[in-house]
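Results of the structural survey
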Amino acid sequence: MISLTVNDTAVRVSAPPDKPLLWVLREDLGLLGPKYGCGVAQCGACRVLIDGVSTPSCVTPLAEVEGASVVTVEGLSGVEGALSAVQQAWLEEQVPQCGFCQPGFLVAVTALLDRNPNPSDAEINEAITNICRCGTYPRIRRAIHRAAAARVQG
Amino acid sequence: MARILSRRAFLFTGAALGGTALVAGVAGTGYLATVDMDGPDGFVDGNRAVLNAFLAIQEDGRVVIQVPRTEMGQGIHTGMAMLVAEELDIPFDDRISVEHPTGLLPVYTNYALSLRTRPEDARGPLLWAGQRALGLVPLIVTGGSSSTYGLWFPMRSAGAAARHMLLAAGAARLGVPVAELTTSDGLVRHAATGRAIAYGALARDAARLPPPRNPALRPVSAWRVIGTPQRRVDIPDKIRGKPVFGIDVVLPDMLHAAIRQAPVFGGTVAGVANMAEIRRAPGVVDVAVIDGKSLAVVASSWWQAETAAQGLRIDWAATEAAHVSSASLGVALRGALDAGGAHVHLQQGDLSASFALGQERVVSATYEVPFVTHACMETMNATVLIRQDGSAEAWSSTQSPMTLRWGVNRGAGWAGVEPTSVIGHVTMNGGAFGRRNEFDAVAQAAFLAARHRGRPVKLLWSREQDMTHGTYRSHAAARLRAALGPDGLPVAYDAMVAAQSLQNSAMGRSLPFAPSPHGDRLTAEGLDKSYYAIPSRRVRSQHVPSHLPIGFWRANGYSFNTFFSESFIDECALAAGQDPVAYRRRLLRDSPRHLAVLERVAVLAGWGSLLPPGRGRGVALEESFLSIVAQVAEVTVADDGEVTLDRVLCVADVGIVVNPDSVAAQMEGSIVFGATAALMNAITIESGAVAETNFHDFPVQRLANAPEVIVELIRSELPPGGAGEPGTPPVAPAIANAIANATGRRLRRLPLAITETIGERRTRSVLAKEPS
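Since the model is a prediction, treat every value here as computed from it, not as a measurement.

**Points about the domain arrangement of chain A**
Residues and elements named next belong to chain A. Looking at the assigned domains, one finds that chain A contains domain 1 (2–75) and domain 2 (79–153). Each of domain 1 and domain 2 has a C-alpha centre, and these two points are 20 Å apart. Looking at the side of domain 1 that touches domain 2, the elements with two or more residues in it are β3 (47–50) and β4 (53–56). Per-element accounting of the side of domain 1 that touches domain 2 gives the leading share, three residues, to β3. The class makeup of the residues in the side of domain 1 that touches domain 2 is eight nonpolar, five polar and two charged.

**Thoughts on the sheet that holds strand β4 (residues 63–66) of chain B**
Residue and element names in this part refer to chain B. Taking strand neighbours across the sheet as the criterion, the five strands line up as β1-β2-β3-β4-β5 in an open arrangement whose pairing is mixed. On the outer flanks of this sheet lie β1 (43–45) and β5 (96–99), each paired with one strand and no other. Each strand of the sheet is rotated relative to its neighbour by a mean of 25°, with strand direction disregarded. Sheet analysis places strand β2 (residues 48–52) next to strand β3 (residues 55–58), joined by four bridges and oriented antiparallel. Looking across to β3, one finds that A49 is bridged to I57.

**Notes on the interface of chain B and chain A**
On the chain A side, the residues contacting the 47 residues of chain B number 45 residues. Mapped by element, the contributors of at least two residues to the side of chain B that touches chain A are α9 (235–238), α11 (302–310), α22 (660–679) and β28 (708–713) of chain B. For the side of chain B that touches chain A, the residue count by class is 22 nonpolar, 10 polar and 15 charged.

**Some details on the environment of V249(B)**
Position of V249(B) among the secondary structure elements: in the loop between α9 and β9 (255–261). Once residues lying within four places of it in the same chain are set aside, the contact partners of V249(B) are V244(B), T383(B), W395(B), T427(B) and K458(B).

**Structural notes on the sheet that holds β3(A)**
Residues and elements named next belong to chain A. Taken together, five strands build an open sheet; the order of strands is β2-β1-β5-β3-β4 and the sheet is mixed. Strands with a single pairing partner mark the edges of an open sheet, and in this sheet they are β2 (9–13) and β4. Adjacent strand axes in the sheet meet at a mean angle of 40° when their direction is disregarded. Contacting β3 and β4, helix α3 (residues 102–115) crosses the sheet at an angle of about 35° to β3.

**Remarks on the UniProt feature "domain: Aldehyde oxidase/xanthine dehydrogenase a/b hammerhead" (unreviewed entry) in chain B**
Within this numbering scheme, the UniProt entry marks residues 240–320 of chain B as carrying the feature "domain: Aldehyde oxidase/xanthine dehydrogenase a/b hammerhead" (unreviewed entry). Secondary structure within residues 240–320 of chain B divides into 17% helix and 36% strand; the distance between the first and last C-alpha atoms comes to 50 Å.

Rules behind the numbers
Residues numbered from 1 in each chain as written. Chains lettered and ligands numbered in written order. Predicted model: local features only at pLDDT ≥ 70, side-chain atom pairs only at ≥ 80, totals over all residues. Domains from an automatic or database assignment. Helix = DSSP H or I, 4+ residues; strand = E, 2+ residues; numbered from the N terminus. Nonpolar A, V, L, I, M, F, W, Y, C, P; charged D, E, K, R; others polar. Pairing = 2+ DSSP bridges. Axes fitted to C-alpha atoms, helices over the stretch in contact; angles between N-to-C directions. Contact = placed C-beta atoms within 7 Å. UniProt positions renumbered as here; feature names shortened; annotations may be inferred.

Shown next, in the form of structure tokens:
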């Protein structure tokens, strides 16, 4: 049994220690927000926060998150489901098209703004390497700036 | 969920068999209007009053709209709901919800796509017969950018019919003539007495009334919803990680499957060296050969299935195709440009005389593009349950509940099982772009489900399987020639393209017959440039077969032919010493609608203003899927050859715009998709197999590469055209033209650049050195 915290809830998982966190979340814990997109940490659809750090869960073995705090897209909202500043910006800019990759973007951008509250475009380019095949990038960039501004004000 | 959906499907089907003409009213004017559309009469189902095939009203006043098209990111559920709301006279707010119907009603058939006409324009016995035949299938599919223009009339008519029924029910309830009643905000009102009844309270009565034959539609001047930017109905869930994609389907007692398919298309399984070992792997319950061509591992979790599949040591039987490569196919393609027997799609004027006249200035160029794949973020998957009694149920992120059903029947048939019934559930699609018309994964899952009767089986392809087993956009080559007259404009234009027929390949996979590969209009679309005033022209094609499956891919033939033709027109302009926009302006003298789009994008881009050294602008225009789009690309080319796509300005005339924000989003997405293909994408065949396996060797644009995009929509009162695809064709030629403008180098082959890795998951595009 491996113990960890997922979206503020303590859980104990009896899965093989080498099982990737992505599949533990999806198959053992029923959290379907993180998505399988590539399996090799290329696309970012599976990103979750591990102790605040945006991490591709598809290549993170369960054993590595023993005792860690994991946050998935489902855990980004606040009390009573209030949207986070990043989610609110995503709504205002109407970012998602198919939406499959967006959980990973929302997680990656949340981590970015936590450590750099007002990133430049160059810093955004460096930090946000997720793939969106629908091509929502222009809106994602706008939404990141909007979320940054809202967090500063808020 | 399954039980409820199944019951509703039964109700719809049962009512349809009753055979009445609900949506006869829906049809209005054309021939499609006058036939029985086989929708259900109104009926009451629990707390829902179903007024017609497209909408139901609950007792609490909530309106549930059935949209028989797949939501794959294009916002179609929102646009269609807006049309119903407009005619039903309700505000577009959260009292509206959208479902994809489960019943395969003929009225949901995509006539617009298959008959290439708007339903309201369909007239004549041929279209009538075609409509009847397609309705029997029924051919329900999302594609060809057809959803809005195909359902523009039916969805509004459904809303209008329902409003009339509610008014009639209100008149009966209040004991006043219908003429004294109005509607607003979901209420039927009687102004004279100040009384009002909510739709929710009238809906059950309304459901029992006959639908009107030809409900009047609101005039443009009365629209309050159409043409206003509305928030998408699917986005609130999508920012919380809540929507159910195919990959997210979870059912009780479900098994999971992973697959390995023959690396060389058409290959077969000769044997497995370690079958017994894999069968004993953790969680594995089955290892099965599917249709001789692939091996599946079934386990209690997908991670276990995939891990076991990675250990399979499979001997693949050699096939003749193992010697085929992209290089050998390229030789065949280019050779076909010079071979005889081409299919003539179009011939106007005296071509040879025109060439003789203009022989002093003949422009000729040869172009080429590689195979490309969709690389949808959600890899192919399907979940199928076949019960002991033979009934089947399937869940998939598919563009077509019809091919979903075909896939279940095909796969079950491989196991010798004939399902007694198939209910299909269309989930959210994680990208589609044409790929999800196919039922390959569905058939494989159905085969496995037939071996495990009573248990749902979810098959998920790994990214590597998805990349190497696509249904690819064909590689293609073309030669274009033009003779320029004294004014520099073409007097003759001659285009020849060689590619593998898409319709022949795609239909051959799903139907017992396939159309001839010769003269496939999808091979030649984008070459005729009919809107340009050119006295004589010819368009020809050659079919060059390969063993690869060719599939629908965003904008199909336009995705390469517009690159060819709009690059070529630029070459003609430069050969004539004229500005590319001014040149096209003169060619568009008889096409005012196209000209307006061109003029507007030129203004938006500041065409003609000076750019710093190393920067360039290119323009391109295309009419496709009943819409017109022009784009200007701005690039920077550094001394070391690094090319950056800085900005794309886009002007689109898609006719009447239903939801401007969704149309803009489709243009933005089309530009990123097209620019990715133009600069980065190639699927390479080596020893008969696809060489690329994942995003590290099939690079795509990320945030850092993506251009700034500015979209402007032309105001129009013409009926809607498509929006999902028309933004893609102009991108590649606009970029190539911009590179030519920046560097003087004309690039005639995609991808235009080499992708270099710079740091973790980041890339840059670099032009190949000029051959010395």
